[in-house]
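# What the coordinates show
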Amino acid sequence: MPFIINFIDAPSTTKERKSSIRATHIDYVVSNADRIIVSGGLFPDDDDFPNGGVIILEAPDDESATTALLHLGALGNVQTTTCRAFTAGEMDAILEIAR
């Protein structure tokens, strides 16, 4: 099941803090590349440094997706939001029910 994880920097997160944990972030992305469908940073218009990001993660169940969220938030520098994403086929079935 795909899950959309949106994260933004905690208000107290500085560029220095983000730079200090960047290697940990990259290591996580590389070690989970087989589960990450797509990911990318969110860049404010007035800065070249991301202030958050989005990950679309393939996970077998809610518990596995929650584990990813806990890992992401464990360093204390981001706030996360997640929602269940649907494949095109799943969405077609949902729309059929809704009609």
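Structure: see above.
First, a word on scope: everything that follows refers to the structure included in this document. (Residues numbered from 1 in each chain as written. Predicted model: local features only at pLDDT ≥ 70, side-chain atom pairs only at ≥ 80, totals over all residues. Heavy atoms only, no water.)

Enumeration according to the criterion identifies one cavity of 30 Å³ or more in this entry. By volume, the largest cavity amounts to about 30 Å³. Lining the largest cavity are I5, Y28, I55, L57, A68 and L72. Mapped onto the lining of the largest cavity, the elements with two or more residues apiece are strand 3 (52-58) and helix 2 (62-73). Partitioning the lining of the largest cavity into residue classes produces six nonpolar, no polar and no charged. (1 Å grid on protein atoms, 1.4 Å probe; cavity = no way out; pocket = protein on both sides within 12 Å on 5 of 7 lines; lining within 4 Å. Points joined across faces, edges and corners; volume = space filled by probe spheres on them. Helix = DSSP H or I, 4+ residues; strand = E, 2+ residues; numbered from the N terminus. Nonpolar A, V, L, I, M, F, W, Y, C, P; charged D, E, K, R; others polar.)

Empty space within the largest pocket amounts to approximately 590 Å³. Along the wall of the largest pocket there are 27 residues; nearest its centre are F7, R22, H25, L72 and N77. Mapped onto the lining of the largest pocket, the elements with two or more residues apiece are strand 1 (2-9), helix 1 (15-31), strand 2 (36-41), strand 3 and helix 2. A per-class count over the lining of the largest pocket returns 14 nonpolar, ten polar and three charged.

Core analysis: the largest hydrophobic core is formed by ten residues, namely I5, F7, Y28, I36, I55, L57, A68, L69, L72 and V78. For this core, the elements supplying multiple residues, two or more each, are strand 1, strand 3 and helix 2. With residues near it in sequence (within four places) discarded, L57 still touches M1, P2, F3, I5, R35, I36, I37 and A68. (Core = buried A, V, L, I, M, F, W, Y, C linked by side-chain atoms within 4.5 Å. Buried < 20%, exposed > 50% of the residue type's maximum accessible area, 1.4 Å probe, protein only. Contact = heavy atoms within 4.5 Å.)

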